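Coordinate inspection notes
Okay, here's what each chain looks like letter by letter:
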Amino acid sequence: MRVGMGYDVHKLTENRKLVLGGVEIPYEKGLLGHSDADVLLHAVMDALLGAAALGDIGKHFPDSDPAYEGISSMVLLEKTGALLTQKGFFIENIDATIIAQAPRMRPYIDTMRENIANALGTDAECVNIKATTEEGLGFTGSGEGISAQAVCLLTSPLDMPFRQAEGGCGSCNGCPKK
């Protein structure tokens, strides 16, 4: 089992769409960034990549690369999911928190969960998203920006003891073939 943690923050600015969890949320400001600046997905990707010891989103999708300018973070999340699959990792769960004074997130959270699950090829029951304010404190509380945090648990057949019913591989402690 491997645990990953991700964090991201972006400044709120005028003349940008507010996109969180792949959902465009009606609001007077959006997040400033090279891509669509979806802080929730960026935190989730960093958690997933960190758990797999594959670096971070800056390594895989650098903001110095024009190919990623304005790109949907859903596309980047799909690429992250494909990389995890290629490396043999399974997503057990993702738990994320959006920190924003406004707008209210509750009406969009179920769609965000579905979007993340679909992009990663997992079940929405494996994805939890919460939202909170900071009671007017700090940069999120004053409405200057939005941040997100995420943690995840990944598993891999190489990390788990093989099921005795499957006979095991003989390479791990407690394996029936050892």
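Reading the values: rules and limits
Residues numbered from 1 in each chain as written. Predicted model: local features only at pLDDT ≥ 70, side-chain atom pairs only at ≥ 80, totals over all residues. Heavy atoms only, no water. Helix = DSSP H or I, 4+ residues; strand = E, 2+ residues; numbered from the N terminus. Buried < 20%, exposed > 50% of the residue type's maximum accessible area, 1.4 Å probe, protein only. Polar contact = N/O pair within 3.5 Å; in protein donor to acceptor, adjacent residues only side chain to side chain. Contact = heavy atoms within 4.5 Å. Pairing = 2+ DSSP bridges. Axes fitted to C-alpha atoms, helices over the stretch in contact; angles between N-to-C directions. Expected span 1.5 Å × (residues − 1). Phe/Tyr/Trp six-rings, centres within 6.5 Å; stacked < 30°, edge-to-face > 60°.

**Notes on the side chain of His10**
One can find His10 in strand 1 (residues 2-13). Residue class for His10 comes out buried when judged on its relative accessible area of 16%. A polar atom in the side chain of His10 sits 3.0 Å from the side chain of Asp8. Not counting the four nearest positions on each side in its chain, His10 is found in contact with Leu31, Leu32, Gly33, Ala37, Val39, His42, Gly145 and Ile146.

**Things to note about the sheet that holds strand 5 (residues 90-99)**
Read from one edge to the other, the open sheet built from five strands follows the order 4-1-7-5-6, with strand pairing classed as mixed. Each of the sheet's edge strands pairs with one partner strand only, and the pair in question is strand 4 (30-31) and strand 6 (127-132). In terms of strand pairing, strand 5 meets strand 6 through six bridges, oriented parallel. Bridge pairing in strand 6 places Ile98 opposite Ala131. Each of strand 1, strand 4, strand 5, strand 6 and strand 7 (145-155) is contacted by helix 1 (residues 39-51), which is oriented at about 155 degrees to strand 1, the strand it contacts most.

**Focus on helix 4 (residues 106-120)**
Every α-helical turn comprises 3.6 residues, leaving residues that sit three or four positions apart pointing alike. Between its terminal C-alpha atoms helix 4 stretches 22 Å, which fits the 21 Å expected from 15 residues at 1.5 Å a residue. When we look at burial in helix 4, the residues that qualify are Ile109, Met112, Arg113, Asn115, Ile116, Ala117, Ala119 and Leu120. Packing partners of the buried residues in helix 4 comprise strand 2 (18-20), strand 3 (23-25), helix 1, helix 3 (73-86), strand 5 and strand 6. Two residues or fewer after helix 4 comes Gly121, characterised by a positive phi angle close to 70 degrees.

**Remarks on the pairing of strand 5**
Relative to strand 7, strand 5 is paired through nine bridges, and the arrangement is antiparallel. Counted as the bridge partner of Thr97 is Gln149 from strand 7.

**Concerning the packing of aromatic side chains**
For the coordinates displayed, the defined rule picks out one aromatic pair. Judged by centre distance (5.5 Å) and plane angle (80 degrees), the rings of Phe61 and Tyr68 are edge-to-face. Since its relative accessible area comes to 16%, Tyr68 is described here as buried.

Read these as layout, nothing more, since geometry by itself doesn't imply function.
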